Amino acid sequence: MSEKRGSFKSSFGFVAACIGSAVGMGNIWMFPTRVSLYGGGSFLIPYVVFVILIGFTGVTGEMSFGRAARSGPVDAFGIACEKKGKRKIGEILGMIPVLGSLAMAIGYTVVMGWILKYTAGALTGFSMDSAEEYAAAFGEMASAFGNDGWQIIALILCMVILMLGVGHGIEKANKVMMPAFFILFVILAVYVAFQPGAKEGYQYIFRIDPAALKDPATWIFALGQAFFSLSVAGNGTLIYGSYLPDQEDIPASAGRVAFFDTLAALLAALVIIPAMAMTGAQLDQGGPGLLFIYLPNLIHTMAGGSVIMIVFFVAVFFAGMSSLINLYEAPIATVQEKLKLGRVPACALVGGISVIISLVIQGIVSDWMDVLSIYICPLGAGLAGIMFFWVLGKSYVEEQVNRGRERKYTKVFYPVCKYIYIPVCILVLVLGIALGGIG
């Protein structure tokens, strides 16, 4: 027997959950690296441009599409294609972002196992004293079946929150984790600001390098960073939108999500780049190596390093868990809708599948995530955009976007989404394939 569909209980809870879905490892281990590699402020300018564009179009569109359909991607795509008498085709296409979300969640579960182990290590005290020791420990942990216990615990924590439902689980968890994340990173940023040598890091972040600004690579990777950071993939943002009441002003909420996601990325840069500058190290490598090898080795050399390590990894844990919750929600909601299962059995089924696959892919998780980010995420975002803006059409889109607003939204919204955002999704897919990933 299916249960009554959940919903967010407050606008703040919804926005916190959406910020949580957007704020993740890309903000922490990739954004500062991109800023460092592509000219500091020269990267920030196109990044902000693309955040505004994608927040205005993709985030607003997916939230509105979800609320209009009151369902996940499968039924939402089916509703769109039903206009053409092709509901089944729409439902089949809707499985692409759902399965993509599940696969991404499974890969992210492996990463959360790493984060949880390092968080526990920070709380109890690390025994490593050099980059080589951290590298060896990470290599052992990231190998096949190298971190089973912590990974299972991370998945269980996530599923317990999801079993509690939208209002009592997802919303309440994000209302705690997201404010805590920002508070902890502000503390880190203030601490780093008073360290000798941090000034050079700030000068780099905000300087404008005309050569970098003219470099197409700066714009390409700024686009990729903004696109993936805002979590437009036809799944998580859409499913969260489906839990919204008609009174919610979606464009305003989308703007807040884009703003706080950008703020989170900037906070990470304001912590990590000056911290690296303090030791004269160049931030030229992002990803897990930065988070699990170079930064812990750097932090443990600082005054009060053990406390800073705790603050840092607790904040990273909150960011990662909020994203993991979002990634699992679309497949769980789909199982509820299609198999008519209650919330707890649906979570148990998805969790059971995920624990097996996540344990098996530990040694290949990097390749696993690369394939998903290059192919599935932009494809899912593009399909959701086509269904909403092209198939359902202008009058439907404008009705849904204006619902809950006191004044009608700008008339340029629909043409910009239809003729700029959709091609951008295709461009991200093509560039990702050509360059081996831009996210």
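Look up: the structure comes first, before these words.
Just so it is clear, the model here is predicted, and its values are computed rather than measured.

## A word on the overall build of the chain
So, point 1. Counting secondary structure elements, the chain contains 19 helices and 0 strands.
So, point 2. Taken over the C-alpha trace, the chain has a radius of gyration of 21 Å; the compact-globule value for 439 residues is 22 Å, and the two agree within 12%.
So, point 3. Taking the principal axes of the C-alpha coordinates as reference, the chain spans close to 65 × 50 × 40 Å.
So, point 4. Counting all 439 residues of the chain, 59% fall into the buried class.
So, point 5. When contacts within the chain are restricted to residue pairs at least 6 apart in sequence, those whose partners lie at least 24 apart make up 85%.
So, point 6. As presented, the chain carries roughly 16900 Å² of accessible surface, and 68% of it is formed by carbon and sulfur atoms.

## Thoughts on the packing of aromatic side chains
The description of an aromatic ring pair uses the distance of the two centres, along with the angle that the planes make with each other.
So, point 1. Following the criterion strictly, the structure yields 33 aromatic pairs and no others.
So, point 2. Arranged with centres 5.3 Å apart and planes meeting at 85 degrees, the rings of F181 and F182 form a pair that is edge-to-face. Comparing F181 with F182, the two get one shared label, buried.
So, point 3. A centroid spacing of 5.9 Å and a plane angle of 70 degrees characterise the contact between F389 and F413, whose relative ring orientation is edge-to-face. Here F389 is found in helix α17 (residues 365-391), whereas its partner F413 is found in helix α19 (residues 413-435), with 24 residues between them in sequence. Side by side, F389 and F413 carry an identical accessibility label, which is buried.
So, point 4. Over the aromatic face of W390 sits the side chain of K418, whose NZ or CZ is 4.1 Å from the ring centroid.

## Considering helix α1 (residues 11-22)
So, point 1. A rise of 1.5 Å per residue sets the reference length of α1, with its 12 residues, at 16 Å; its end C-alpha atoms lie 17 Å apart and thus fit the reference within 8%.
So, point 2. The element α1 is largely enclosed, with a buried count of 10 among its 12 residues.

## Examining the environment of V110
So, point 1. Locating V110 in the fold gives a position in helix α5 (residues 87-124).
So, point 2. C-alpha of V110 to C-alpha of P331: the two residues are 221 residues apart in sequence and 18 Å apart in space.

## Describing the pattern of salt bridges
So, point 1. A full pass over the atoms with the stated rule returns 13 salt bridges.
So, point 2. Put simply, D249 and R405 hold a salt bridge, and the shortest N to O gap is 3.0 Å. With D249 in the loop between α12 (236-241) and α13 (250-278) and R405 in the loop between α18 (394-402) and α19, this pair connects stretches of sequence that are 156 residues apart.
So, point 3. On the basis of relative accessible area, R405 is assigned to the partly exposed category, the value being 25%.
So, point 4. Three or more residues joined by partner-sharing salt bridges are found here, namely D75, E82, R87, K88, E91 and K338.

## Structural notes on the environment of P196
So, point 1. Structurally, P196 can be placed in the loop between α8 (166-193) and α9 (198-206).
So, point 2. A relative accessible area of 66% means that P196 is categorised as exposed.
So, point 3. Taking the C-alpha atoms as reference, P196 lies 9.5 Å from P274; in sequence the two are 78 residues apart.

## Let's talk about a nonpolar patch on the surface
So, point 1. A cluster of nonpolar residues, F145, L339, L349, I353, I356, I357 and V360, forms a patch on the protein surface that exposes about 630 Å² of accessible area.
So, point 2. For the nonpolar patch, the element with the highest residue contribution is helix α16 (residues 343-360), accounting for 5 residues.
So, point 3. One can find L349 in helix α16.
So, point 4. On the accessibility criterion, L349 (36% relative accessible area) is partly exposed.

## Here's the deal with the environment of D215
So, point 1. In this structure, D215 sits in the loop between α10 (210-214) and α11 (216-229).
So, point 2. Residue D215 is classed as partly exposed on the basis of its relative accessible area, which comes to 33%.

Criteria and cut-off values
Residues numbered from 1 in each chain as written. Predicted model: local features only at pLDDT ≥ 70, side-chain atom pairs only at ≥ 80, totals over all residues. Heavy atoms only, no water. Helix = DSSP H or I, 4+ residues; strand = E, 2+ residues; numbered from the N terminus. Rg over C-alpha atoms; globule rule 2.2 N^0.38 Å. Buried < 20%, exposed > 50% of the residue type's maximum accessible area, 1.4 Å probe, protein only. Contact = heavy atoms within 4.5 Å. Areas by Shrake-Rupley, 256 points an atom, 1.4 Å probe, with all protein chains shown as cover. Phe/Tyr/Trp six-rings, centres within 6.5 Å; stacked < 30°, edge-to-face > 60°. Lys NZ or Arg CZ within 6 Å of the ring centre and 35° of its normal. Expected span 1.5 Å × (residues − 1). Salt bridge = Lys/Arg side-chain N within 4 Å of Asp/Glu carboxyl O. Patch = residues over 30% accessible without salt bridge, like charges linked within 9 Å, V, L, I, M, F, W, Y side chains within 5 Å.

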